[in-house]
Amino acid sequence: MPALATGPAAHAAGPDTGSRTATVFYSTETAGWSSYNLHWAPDGGSWTTVPGVAMDSACTGWVKKTVDLGSVTGWQATFNNGQGTWDNNGGKNYALGTGTITVKNGAIAHSDPCADAGDPGDGGTGTASATVFYSTATVGWTTVNLHYAPNGGAWTTVPGVGMEAACTGWMKKTVDLGGATRLAATFNNGNGTWDNNNGANYALPTGVSTVKDTKVTTGAADPCAAVVPDTTPPTVPGGVEATATDTSIVLTWNPSTDDTAVTGYRVTRTGGGKGTTVTSVGSTVFSESGLEADTTYTYTVEALDAAGNVSAASAAARATTGHAPPPATPGTPIGTDPRKDPIYFVLTARFYDGDTSNDRGGNQDVASGNAANDDPMFRGDFKGLVQKLDYIKALGFSAVWITPVVLNRSDYDYHGYHGWDFYRVDPRLESAGASYQDLINAAHAKGIKIYQDVVYNHSSRWGAKGLFVPTVYGVRDAQWSWYYDEKEDGFEYDGLTVDPKTGKSYYNGDLWSTAEPSGNTCLNWGEPSGQHSPEGYTLYNCQWPGPTNKLFPAALYHQCWIGNWEGEDSRSCWLADDLADFNTENAQVQNYLIGAYNKYIDMGVDGFRVDTAVHIPRVTWNRRFLPAIQQRELQDWGPDKAQDFFVFGEVGAFVNDKWNRGSANHSAQFYTWKERKEYSPDDATAAIEQYNYEEQLGTGNQPTSTNAFLDGNAYHTPDHSKFSGMNVIDMRMHMNFGDAHNAFNNGKDSDDSTNDATYNVVYVDSHDYGPNKSSVRYAGGQDAWAENMALMWTFRGIPTLYYGSEIQFQAGKTIDCGPSCPLATTGRAYYGDHVEGTVTASDFGKVDSASGPVATTLAQPLVKHLQRLNLIRRAIPALQMGQYSTEGVSGGMSFKRRYTDTASGVDSFALVTVTDAAAFSGVPNGRYVEAVTGDVRTVTDGTLSVAAPGKGDMRVYVLDLGGSNAAPGKIGTDGPYLK
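Since the structure is predicted, the reported quantities are computational estimates derived from the model, not experimental observations. (Residues numbered from 1 in each chain as written. Predicted model: local features only at pLDDT ≥ 70, side-chain atom pairs only at ≥ 80, totals over all residues. Heavy atoms only, no water.)

Chemist: Can you help me understand the nonpolar core in this one?
Modeler: Nonpolar side chains tend to gather and get buried jointly when the protein is soluble and globular. Residues Y391, Y436 and Y456 are the most contacted members of the largest nonpolar core, which totals 162 residues. Tallying contributions element by element places helix α5 (residues 587-602) first for this core, with eight residues. Not counting residues within four places of it along the chain, the set of residues in contact with Y391 comprises Y344, F351, E806, Y831, V835, V839, V854, T857 and L858. L177, A180, F187 and Y202 belong to the second-largest nonpolar core, a separate cluster that totals 21 residues. (Core = buried A, V, L, I, M, F, W, Y, C linked by side-chain atoms within 4.5 Å. Buried < 20%, exposed > 50% of the residue type's maximum accessible area, 1.4 Å probe, protein only. Helix = DSSP H or I, 4+ residues; strand = E, 2+ residues; numbered from the N terminus. Contact = heavy atoms within 4.5 Å.)

Laid out in structure tokens, this is it:
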């Protein structure tokens, strides 16, 4: 696999930052305009007069323009043909900087695509040349720069010279070496991601060389020599449909086909007062928000391939927007290292009710017992969460993980994991002035990140709107009319709106039938099955979808039940009858999901928690979904924010050993790695090949990492070149948190097989399980909770707390019993009563004022403990981002940690022991100051001993390095445990 990094090349050359001009190259390959204008404005300055300034011809496929930015370093840009057709980056404008910039198919990069082949480093006195081919098949870059130096010559200016497309999967550049016979080379995508041969640079000779997945072949044959030029355009996109919701429109279409591969689509929109716009997209779904109200828009779609061939335009699709005002302005991700941010996990619908008008009980309200408690399943909402952000901040948390926000559809769907319309936020969570966008913006204003729970594995058993929704099920019996209503024209389910005919918000009329539908493929449709519901109603064949009754198409949904939870079928079969398993190896499904989650990236969320990640093959994640997330982040927010977008997956390995019953494919740490070989280009075939290959290699041949470990007492730069892009929930620590010592010992045992365990999300219990797969909320008692927290807040990883655990909320209660018991009796009970009243917090872990029940909650012992832990962790970088070691350390839960960052000058070293006595040997000499007590020790012989602080207490001795790295001293005030 390529050795990719987000830093400079190995020789540490840096870009020139002194320029106040910018030269932008714009690709003409797909636009096909007769003229090109650049309409732009420097940051803080005025826009040019429409249509802007004419761009100049640069080279084949490119036009360019150099602009003077004056004293600023940033500017906004759009492009147009001078006749009303615009490329405005989907309505967001392009945010550009200084230097040389390319804009192609919506992607921004930094290179000169028209650079000549001359070598600026050796004077050009000789005639030797080198032709370099670079494979993009694995890295997926659309722009590649060759950054090089002839032997004895100077390096090119970062990022190097742009390489040209040679054929599908290959870029090419020929350079003049003068009198040299070799060159040192690195490659990058122009946006800060490098392939520098894992820090060693590539050594290439004269002649033809190929570089593919870090393998260099010298004297190579031209990999494109036998490639016949592609002149065949893709087929015309079909099935184009546009639907409007308020002032948003979602456009969908069927995938085009091509003799090689379709690489993207171009959507042209007309209508409204802003003229024609053209937008490049990578999926078969395109969404726009903030359009003009009461306006008809027309869309056509063209398909593109890698050779630049463009299909004819599709048939037009039209939609008319409604009266609602546009949504809130999109937010900007906070974009800091996610390890700095402890996470508070809430079930939004059960946290705090800010708006009773969107409460809904569903058709199980009475049967569940919720109605008797006046406790509808959908009770909490975004308005309530906004109102209680200061409570979360007062606890000390700077990230909130919320359950899925997409419109759900099932009998009991408050939790969010039964997605139906993935392109729409569930109206039962939103209120006027408290949309999802408003929540994101409000959280960011307080310095709090939003991590959105996302589901790629399955939809509800009602299907997925915009992909496939079954029209009728096999019910011919009027006794079910309370559930399957007659269809009412003009009414569509949204979870919130009450149907005036039935008085229900869980209207299902589009699924009622008394006659077998034409084209039915489900056997014995509508015949009695011989079974009955709990109420005594007759059950019918084909009444509910399942993987084997053909009510869902095989192309879009898998057709089997899981038989072996550690077998290949666990990645390609249904979990349960209300979790319809997507065929995630199908391009249409992939595009549907990528398009949906792009919407939320556009809104400025800070990360995704990935539900049921283990039930999708790793190769599918690595090929499709993870690169799509990163690409959208780069496009929207740039490389710095993209690097800090936090993706963490739920890989349900509920065992106490390092590898899940001996299967690497089903173990959490497995998902943190890229693939190490190429598989079939067909995703379904590749999934099987990858599974078999890794199973045959076994657990003993999996990659290892030192990224979480100190080298003696020294921090070392981690190697993330083989990182997949997905971090994981630490299932092994979670399983063992019945005792903190077990969690500690088990957790560190898995760290060498995880790409970087310092990013592991660590929790005791959740909305699914307690430790050791317990079905109840953790009930170990306050002392044990205090000890668990002290470990989580000092050991490697990101501490995470399930809502209410700060007061042992619902300890020992069954976490989830579905609609068979009232929610009030479970671990998913409503928490709002405990946070009624007012609270203000101007900083993390500090309460400015509080009144009412929330003041009582904030005075609880574990809350005080939690607040001080957060204060200590925030003050000591080693506890946030540091590597760790137990070398030279004796004691139960004792370790040393260090974090060093030369760019910022940070150097933080700490010795930690939780509960137990400890002895540290071979540590740096110097002055150490303890963060809990303020005790000062001077180490002269490399040893430091610590008496046992007691259960739940801890000692953190910080090496005082002076200046900005001075030890902070005693942090906070003594409490029930930290004293």
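Chemist: How should the pattern of salt bridges be read in this particular structure?
Modeler: Close approach of charged atoms allows side chains with opposite charge to pair. Within this structure, the stated rule accounts for 43 salt bridges. D730 serves as the salt-bridge partner of R796, at 2.8 Å between the closest nitrogen and oxygen. One end of the pair, R796, is in the loop between α10 (782-792) and β42 (798-802); the other, D730, is in the loop between β40 (727-728) and α8 (731-735), with 66 residues separating them in the sequence. Both residues of the pair, R796 and D730, count as buried. Salt bridges here are not isolated pairs; linked through shared partners, they connect K92, D602, R632 and D636. (Salt bridge = Lys/Arg side-chain N within 4 Å of Asp/Glu carboxyl O.)

Chemist: How should I be thinking about the sheet that holds strand β46 (residues 889-890) in this particular structure?
Modeler: Consider a sheet: its strands pair through backbone hydrogen bonds, and that pairing is either parallel or antiparallel. Spatially, β46-β49-β52 is the arrangement adopted by the three strands of the open sheet, whose pairing is antiparallel. Each edge of the open sheet is held by one strand with a lone partner, namely β46 and β52 (943-946). Where β46 lies against strand β49 (residues 918-921), two bridges are found, and the strand directions are antiparallel. The residue of β49 that forms the bridge with S890 is A919. (Pairing = 2+ DSSP bridges.)

Chemist: Would you explain the sheet that holds strand β48 (residues 906-914) in this entry?
Modeler: Ordered by their spatial adjacency, six strands build an open sheet running β45-β47-β48-β53-β50-β51, and the pairing between neighbours is antiparallel. At either margin of the open sheet sits one strand with a lone partner, and together these are β45 (883-885) and β51 (936-939). Ignoring strand direction, the axes of neighbouring strands in this sheet form an average angle of 25°. The pairing of β45 with strand β47 (residues 893-901) spans three bridges and is classified as antiparallel. Of the residues in β47, the one forming a bridge with Q883 is R898. (Axes fitted to C-alpha atoms, helices over the stretch in contact; angles between N-to-C directions.)

Chemist: Help me understand α5 in this model?
Modeler: In an α-helix, one turn spans 3.6 residues; hence positions three or four apart end up facing the same way. Across its 16 residues, α5 extends 22 Å between first and last C-alpha, which sits within 8% of the 22 Å expected from 1.5 Å per residue. Extensive coverage of α5 is indicated by the burial of 13 of its 16 residues. For α5, the capping residue at the N-terminal end is N586, with a side-chain oxygen 2.8 Å from the backbone nitrogen of Q588. At the exit of α5 stands G604, carrying a positive phi of roughly 100°. (Expected span 1.5 Å × (residues − 1). Polar contact = N/O pair within 3.5 Å; in protein donor to acceptor, adjacent residues only side chain to side chain.)

Chemist: Explain the side chain of R609 to me, please; I cannot follow it from the model alone.
Modeler: Counting through the fold element by element, R609 comes out in strand β38 (residues 607-611). Looking at R609, the relative accessible area reads 0%, which means it is buried. Filtering out sequence-adjacent residues up to four positions away, R609 remains in contact with W401, Y417, Q452, D453, V454, F648, E650, I729 and H767.

Chemist: Is there a simple way to think about the environment of I971 in this case?
Modeler: As for its position among the elements, I971 is in the segment after β53 (954-959). Residue I971 is classed as buried on the basis of its relative accessible area, which comes to 10%. Between the alpha carbons of I971 and A931 there is a distance of 5.5 Å; along the sequence they are 40 residues apart. In this view, I971 contacts R868, L871, I872, A875, I876 and A931; residues no more than four positions away in its chain are not counted.

Chemist: Where do I start with the side chain of H444 in this structure?
Modeler: Considering the arrangement of structural elements, one finds H444 in helix α4 (residues 436-445). Overall, H444 belongs to the buried group, its relative accessible area being 14%.

Chemist: Is there a simple way to explain the packing of α10 against helix α12 (residues 861-875) in this structure?
Modeler: Working note: a packed helix pair is described by the angle between its axes plus the distance between those axes. Direction vectors running N to C along α10 and α12 enclose 10°, while the axes themselves pass 10 Å from each other. Relative to α12, the element α10 is oriented roughly parallel. Only P861, L862, H865, L866 and L869 of α12 make contact with α10, whose side of the interface consists of Q782, W785, A786, M789 and A790. Of the residues assigned to the contact of α10 with α12, the class counts are eight nonpolar, two polar and no charged. (Parallel < 35°, antiparallel > 145°, perpendicular 65-115°, else oblique. Nonpolar A, V, L, I, M, F, W, Y, C, P; charged D, E, K, R; others polar.)

Any link to function would need more than the numbers given here.
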